[in-house]
Amino acid sequence: MPRRIPLLLLALLAGCRYTFLPLVPKAAPPPPAVLVEAELAEAEGSVRATLWVRRVPEPGYLELRWYRGRTLLWEGARFVEGGEVLILELPREGEGPYRLEVRWQGERVLVRPLGTPTPPKATPPEWRGS
């Protein structure tokens, strides 16, 4: 009987342990993500775009596209290494919704709209039954 008590105690305590070590994992570095901020300011006949390139995983090209609705008005690329400010003068042709798209290695990382979109002229077919 006295031998069973330590074995029973050992069996109970064996289930009360952590399943991984170390108990608190070490801090990991941030993921290699692209961090770009943009501001659009209207001027007479153009739009001034200011881009702050905070972080890029490696030096490379930012692809920039400027749209009015669905129409591509301007396209370009700028070489960046991170920690830079880019200033662009973009064409403005009348009223309507505009947007600036910024891409890194083919992936869209930022979309900055300017203006308000216009509603569709015709009711979409999926809305007619409602």
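As shown above, the structure is provided for reference.
Residues numbered from 1 in each chain as written. Predicted model: local features only at pLDDT ≥ 70, side-chain atom pairs only at ≥ 80, totals over all residues. Heavy atoms only, no water.

**Some points on the overall build of the protein**
Next up, step 1: Tallying secondary structure elements over the protein gives one helix and seven strands in all.
Next up, step 2: Seen in sequence order, the protein has helices and strands lined up from the N terminus as α-β-β-β-β-β-β-β.
Next up, step 3: Across the 130 residues in the protein, those meeting the buried criterion constitute 24%.
Next up, step 4: In the protein, 53% of the contacts between residues at least 6 apart in sequence involve partners at least 24 apart.
Next up, step 5: Here the protein displays about 10,100 Å² of accessible surface, and carbon together with sulfur accounts for 57% of that area. (Helix = DSSP H or I, 4+ residues; strand = E, 2+ residues; numbered from the N terminus. Buried < 20%, exposed > 50% of the residue type's maximum accessible area, 1.4 Å probe, protein only. Contact = heavy atoms within 4.5 Å. Areas by Shrake-Rupley, 256 points an atom, 1.4 Å probe, with all protein chains shown as cover.)

**What to know about the pairing of strand β4 (residues 71-80)**
Next up, step 1: Judged from the nine bridges that link them, strand β3 (residues 60-68) and β4 form a sheet pairing that is antiparallel. Note that in β4 the partner of Tyr67 across the bridge is Leu72.
Next up, step 2: Counting the residues between successive antiparallel strands, the hairpin from β3 to β4 contains two residues, one of them, Gly69, with a positive phi of roughly 65°. (Pairing = 2+ DSSP bridges.)

**Describing the nonpolar core**
Next up, step 1: Counting 22 residues, the largest nonpolar core has Leu51, Leu62, Trp66 and Leu100 as the members making the most contacts within it.
Next up, step 2: Mapped by element, the contributors of at least two residues to this core are β1 (35-43), β2 (46-55), β3, β5 (84-91), β6 (98-104) and β7 (107-114).
Next up, step 3: Discounting residues that sit within four places of it in the chain, Leu100 has contacts with Leu40, Ala49, Leu51, Arg65, Trp66, Leu90, Leu110, Val111 and Arg112. (Core = buried A, V, L, I, M, F, W, Y, C linked by side-chain atoms within 4.5 Å.)

**Notes on the sheet that holds β1**
Next up, step 1: Spatially, three strands are ordered β1-β2-β5 in an open sheet, and the strand pairing comes out antiparallel. Looking along the sheet, the strands with just one partner apiece sit at the ends: β1 and β5. Mean inter-strand twist for the sheet, computed between neighbouring axes without regard to direction, equals 20°.
Next up, step 2: Relative to β2, β1 is paired through nine bridges, and the arrangement is antiparallel. Looking at β2, one finds that Ala38 is bridged to Leu51. (Axes fitted to C-alpha atoms, helices over the stretch in contact; angles between N-to-C directions.)

**Here's the deal with the packing of aromatic side chains**
Next up, step 1: Following the criterion strictly, the structure yields two aromatic pairs and no others.
Next up, step 2: Where Tyr61 meets Phe79, the ring centres are 5.3 Å apart and the plane angle is 70°; that geometry is what we call edge-to-face. Taken as a pair, Tyr61 in strand β3 and Phe79 in strand β4 lie far apart in primary sequence, 18 residues in all.
Next up, step 3: Its end group placed over the ring of Tyr67, Arg99 keeps NZ or CZ at 4.2 Å from the ring centre. (Phe/Tyr/Trp six-rings, centres within 6.5 Å; stacked < 30°, edge-to-face > 60°. Lys NZ or Arg CZ within 6 Å of the ring centre and 35° of its normal.)

**Points about the environment of Ala43**
Next up, step 1: In this structure, Ala43 sits in strand β1.
Next up, step 2: Once the C-alpha coordinates of Ala43 and Arg92 are considered, the two residues, 49 residues apart in sequence, prove to be 8.8 Å apart.

**Re the sheet that holds β4**
Next up, step 1: The sheet built from four strands is open, its strands ordered β4-β3-β6-β7 with antiparallel pairing. The open sheet has two free edges, formed respectively by β4 and β7, since each of these has just one partner strand. Direction aside, the axes of adjacent strands within the sheet are offset by 20° on average.

So far we have only geometry, and geometry alone does not tell us how the molecule works.
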